[in-house]
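Structural overview for review
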Amino acid sequence: MTIRSKLIYLLVVLCVLVGIVTFVSVYQLNELAAPLKTDIPRAIEELHSVTEMDALVNQVRYYDELLTQSARNYAFTKDVKWKQRYYLYLPAFMDAMRQTETSADSSLRAFFLTVSVENDSLVAMETAALDKVGNGGQKDAIAILESNNYWKCKRTLENALRAYFSRRGLSDDNAYEFSSVTIHSVSAMATNMVRRTYRAGVVLVVMTALFLIIAGMFLYRSIVRPLDSFSRKIRTHSVGGQTIGLAETNDEFGVVAKSFNDMESRLRQNQMQLVQSEKLAAIGQLAAGVAHEINNPIGFISSNSATLKKYVAGFVSLINLYRKGADTETTLLHETKINLGFILQDVDVLLKENEEGLSRVIAIVKNLKDFARIDANQGVMLSNINDGIRNTLLVAANEIKYVADVKLDLGNIPPVPCVLNEINQVFLNVLVNAAQAIRDQKRTSRGCILIRTYEEGENVYCEISDNGPGIPSDVISKMFDPFFTTKDVGKGTGLGLSISYDIIVNKHKGSIIAENSVDGGACFKIRLPLTTEAGRA
Amino acid sequence: MPKTIIFVDDEEHILHALRRAFMDTEYVVHTSASAAEALALMEKGKADLIVSDMRMAEMDGHELLKIVKDRWPSAIRIILSGDTDKNTTLKAVTDGVAKAYLTKPWDDAALKAQIAHFFSMHDTLNSSGVLETINRIDRLPVLPDLYYKVVAMIQKEENISKISETIEREPGWVARILKVINSAFYGISVASVHQAITFLGMIIVKDIIISSDLFESVKGKGMGEMHVDFLWEHSNTCNRILHSLYLSIHHRDIPEEFALVGVLHDIGKLLIIKCFSDKLDGLVRQQESQPLRPRIDAERAIIGTSHAELGAYLLDWWNLPHVLVEACLYHHDPLNANVQNKELVSLLTIVDYFSWKAVGKKPRFDIRNEIYECAGITRTDAISAMKKAYPDFNE
């Protein structure tokens, strides 16, 4: 599965989970909020209507009492002001009565109708009593107001009103208590709601945290771990110069690994090409040097051959004269003409010089062959390093002989298991570098290169030191790096010493160290192990 | 009086071989096994020609010839070396220390012919006609300081950046150098001196300095076909076609040491403008009245020698490589028996001819078939190269 799809899946799962949690909590909240929408407005409305009705009923009771008192006072005192008071409040009382009838809801309407009926009869009796007082019938009036019928009505009314309040479970003026209960229940509901919401929130947070931890672990497993293993592998393998070869999984890391592996193999190919081109460059340099060495003898050999041809032509012409039986005078004249005296003297010298020239050319070619070991087995063989040095010196002679003298201090060392032509390549590299460094100094005196070999412990050492300018401190740390060169562009690939390093350190398990000696020149110390198992890996 | 030659080589056998090879010639031959010995010989009696090996212990051939050049400038200096490295070869002729660079192994007959050729050219350039004319010039043009600076830096193997910086510090030079490259080179366009050196090489830039300096010294002077602007146009055209032609024949760029031969081949005319301004009027009038008369004849009649000889003398005097001197001297006579590098000189003659046509003038000479043969091309090749360099060229 690719990381992209892993991430997409992860995201989808997270979205679904968060969606569910959100939905649940919203649903719960909605449920919790339902009473707020219906119950509380109803309770408030109820509270409102109840208090209104209570006020009306209290009014009725008040007026009733006021009217009864006014009627009785008039009957007993015959003071007109009570009669006036009675009629003053009667309309208000009637009004309040009518109002209770109309504004009462259906459950109370029947009840208020009976109250109203009782009231009407009370009012009728009272007004009759009041009339009787006016007409001198005081006793009759009192009799009406004291009558059983009257009190019965009065009691019925009183009981009905009392029943109204008791039916609601409220004492007379305790309507506020009701409202406080309602408020209390609302607040309890709200508290409950808050608590449940809080609980839902905690669950949501815990679940999200849980998801994040899972997602983090998932991401770590699928991204960080492969990356870590990549870098570890690259770090450890690249040091040893082995092929890294990352595992090509099915995700993006696989793509990266594939590109990396491709790149690596291409780089290795390029590296091989570069090593090859460095070899070619070295061969070119060698060829130029060897060409110079060979061109000199070939130069005089070819010129001498042309001369010899002339000499022979002279001899032939002289022999022809002799064969023709020419006289002494003619032959002598001809001898002088062809300079026979000199020729006879010179021809031996000429031939000797040519022979010497030819043997020089043959020696050079043989050295080259020994140096490159063209005809020998290319694998690891027990070889004498001293022979390698001597061969290399002959090949490098052209680079060295004009600038420096070579002093040899070759010890009696055992043969080393190695690929000698590769070791020779290292010697050549170091020697040519030394010679070039000395040459570039443009010094007046000739330089000196000292080559020392010796055995120590299980190793053979070769030290090549010179009295040239030494290696600059900023160069010494980088000189074995590939492509590092102090020469101008086009005058070296910068691979020579890195290849030397590869040959000595990686292929022969030895070591090569460069340092500056106390008197200023450079010194290369090459160590090659004598033990076979430490030979080529 | 016979000519004297000194051979210097640290290899005795080579000296013996050379002695044998020159045994039957009329030259007086000396040999010496070291530079010091050769200098001692020169002290005793100056040689006309010195042939030295390059790599020798103590003092090498280059150093030896440098001393010879300073002390006996008229001696012809040649290197004969077994080195095959192109850089060493170029370096030796770059600073004018050696006239030519010959390689070992050598062919006796060819070496003798070459030496005979050096002498004959030397004699031609120092013939009474040329010398008389030269002697009438108060002061020959000198090379600019920049030239010596650059040559010294090439000798010291300074890197490109340092050399281009040196050039860029000289006011006026950058523009002049780029102008030459962008008008005298085929298919190359550069924007900086550094780029120029990287693309073209140090030798070419050095030659550009020489030519542009000489053109600059006669700025705005001359008349008719001998006006510097006209010659500038002609020389650049020549060079461009030469490059294009060389490329189409050999499928590679012209060697560095020839790269500016087109620009330099007519510098004798610049010398005439510069030093014989009093004769210029008469010369141009005569040339205009006789459109078919070879220019060289008119020059010989009026000035005493031709622009070819004057130019070659100047290049030789400046110690430019022998190939350039030869091309300049014989560019109107490529079939002369003395010419060694017949191919190049013939090519130069052909492009000279065509570049007259390119500017709409009728050349005063014709190209014989032998010249095409020497150059190794046909007339059709030349015309197609012409059209490549100048798309609107019409015969």
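Residues numbered from 1 in each chain as written. Chains lettered and ligands numbered in written order. Predicted model: local features only at pLDDT ≥ 70, side-chain atom pairs only at ≥ 80, totals over all residues.

For chain A, the helix and strand inventory stands at 14 helices and 7 strands. Taken over 537 residues, chain A has a buried fraction of 23%. Sequence separation of at least 24 residues holds for 70% of the intrachain contacts in chain A that already meet a minimum separation of 6. (Helix = DSSP H or I, 4+ residues; strand = E, 2+ residues; numbered from the N terminus. Buried ≥ 20, exposed ≤ 12 C-beta atoms within 10 Å, placed from the backbone. Contact = placed C-beta atoms within 7 Å.)

Turning our eyes to something else, we now look at the overall build of chain B. Within chain B, the regular secondary structure consists of 21 helices and 5 strands. When the 395 residues of chain B are sorted by exposure, 47% land in the buried category. A sequence separation of at least 24 residues applies to 66% of the contacts in chain B between residues at least 6 apart.

Residues and elements named next belong to chain B. Pairing in this open sheet of 5 strands is parallel, and the strands run S2-S1-S3-S4-S5 from one edge to the other. What marks the edges here is a single partner per strand, and that holds for strand S2 (28–32) and strand S5 (100–103). With direction set aside, neighbouring strand axes in the sheet form an average angle of 20°. Sheet analysis places strand S1 (residues 4–8) next to S2, joined by 5 bridges and oriented parallel. Within S2, the position partnered with Phe-7 by the bridge is Thr-31. (Pairing = 2+ DSSP bridges. Axes fitted to C-alpha atoms, helices over the stretch in contact; angles between N-to-C directions.)

A few words on the pairing of strand S3 (residues 49–52) of chain B. Residues and elements named next belong to chain B. Both S1 and S3 contribute to a ladder of 4 bridges, which runs parallel. In the sheet register, Val-8 faces S3, and the bridge partner there is Ser-52. Where S3 meets strand S4 (residues 76–81), 4 bridges bridge the pair, whose relative direction is parallel. Residue pairing for S4: Ser-52 is matched across the bridge by Ile-79. Considered for its hand, the β-α-β crossover made up of S3, helix H3 (residues 61–71) and S4 is right-handed. (Right-handed = clockwise from strand over helix to strand, strands pointing away.)

A separate point is the packing of helix H7 (residues 145–155) of chain B against helix H11 (residues 202–217) of chain B. Residues and elements named next belong to chain B. The contact between H7 and H11 brings their axes to 9 Å, and the two run at 165°. Relative to H11, the element H7 lies roughly antiparallel. In the crossing of H7 with H11, the sense of the turn from one axis to the other is left-handed. Residue-level contacts link Leu-146, Tyr-147, Val-150, Val-151 and Ile-154 of H7 to Met-202, Lys-206, Ile-209 and Ile-210 of H11. When its residues are assigned to classes, the contact of H7 with H11 shows 8 nonpolar, no polar and 1 charged. (Parallel < 35°, antiparallel > 145°, perpendicular 65-115°, else oblique. Left-handed = near helix turned anticlockwise from the far one by under 90°. Nonpolar A, V, L, I, M, F, W, Y, C, P; charged D, E, K, R; others polar.)

Once that is clear, we can look at the environment of Glu-463 of chain A. Residues and elements named next belong to chain A. As for its position among the elements, Glu-463 is in strand S5 (residues 459–466). You can call Glu-463 partly exposed: it has 17 C-beta atoms within 10 Å. Each C-alpha atom of the pair Glu-463 and Leu-450 lies 7.8 Å from the other, and the pair is 13 residues apart in sequence. Excluding its chain neighbours within four sequence positions, the residues that come into contact with Glu-463 are Arg-452, Cys-523 and Lys-525.

All names here are of chain A. One open sheet holds the 5 strands; their spatial order is S2-S4-S5-S7-S6, and the pairing between them is mixed. The sheet terminates laterally at strand S2 (404–410) and strand S6 (511–516), the two strands that pair on one side only. Averaged over all pairs of adjacent strands, the angle between strand axes in this sheet comes to 15°, irrespective of strand direction. Where S5 and strand S7 (residues 522–529) come together, 7 bridges link them in antiparallel fashion.

The interface is formed by 17 residues belonging to chain A together with 19 residues belonging to chain B. Elements that contribute at least two residues to the side of chain A that touches chain B include exactly helix H8 (252–323) and helix H10 (340–372) of chain A. Take the side of chain A that touches chain B: its biggest share by element is 13 residues, from H8 of chain A. Of the residues assigned to the side of chain A that touches chain B, the class counts are 6 nonpolar, 9 polar and 2 charged.

All names here are of chain B. Summarising the element assignment, Val-150 is placed in helix H7. With 24 C-beta atoms counted inside 10 Å, the residue Val-150 sits in the buried group. Placed 56 residues apart in sequence, Val-150 and Lys-206 show a C-alpha to C-alpha distance of 7.0 Å.

All right, on to the nonpolar core then. In this structure, Ile-177 and Leu-242 of chain B are the most contacted members of the largest nonpolar core, which totals 121 residues. A domain split of this core shows at least three residues from each of domain 1 (4–125) and domain 2 (138–389) of chain B. Apart from residues no more than four positions distant in its own chain, Ile-177 of chain B is found in contact with Ile-167, Val-193, Ala-196, Val-205, Ile-208, Ile-209 and Ser-212 of chain B. Of all hydrophobic cores here, the second largest spans 45 residues; its members include Phe-371, Ile-385, Ala-514 and Phe-524 of chain A. (Core = buried A, V, L, I, M, F, W, Y, C linked by C-beta atoms within 7 Å. Domains from an automatic or database assignment.)

A separate point is the confidence of the model for chain B. Residues and elements named next belong to chain B. Summary statistics for chain B give a mean pLDDT of 85 and a share of 98% for residues scoring 70 or more. By mean pLDDT, the top-scoring element of chain B is S1 (96), and the lowest-scoring one is helix H4 (residues 86–94) (69). On the interface metric, ipTM, the complex scores 0.71, and its pTM is 0.60. (pLDDT = per-residue confidence, 0-100.)

It is worth spelling out the packing of helix H9 (residues 173–184) of chain B against H11 of chain B at this point. Residues and elements named next belong to chain B. Where H9 meets H11, the axes come as close as 9 Å, and the angle between the chain directions of the two elements is 105°. Considered as vectors, H9 and H11 are oriented roughly perpendicular to each other. In this structure, H9 uses Arg-176, Ile-177, Val-180 and Ile-181 to contact H11, whose residues at the interface are Val-205, Ile-208, Ile-209, Ser-211, Ser-212 and Glu-216. Its residues assigned to classes, the contact of H9 with H11 shows 6 nonpolar, 2 polar and 2 charged.

Residue Pro-105 of chain B is bonded to the preceding Lys-104 of chain B through a cis peptide linkage, with omega at -5°. If you trace the backbone, Pro-105 of chain B turns up in the loop between S5 and helix H5 (108–125). Positive phi values are uncommon outside glycine, yet Asn-339 of chain A reaches one of about 60°. Structurally, Asn-339 of chain A is set in the loop between helix H9 (328–337) and H10. For Lys-509 of chain A, which is not glycine, the phi torsion reads 55° and is therefore positive. Tracing the chain through its elements places Lys-509 of chain A in the loop between helix H14 (496–507) and S6.

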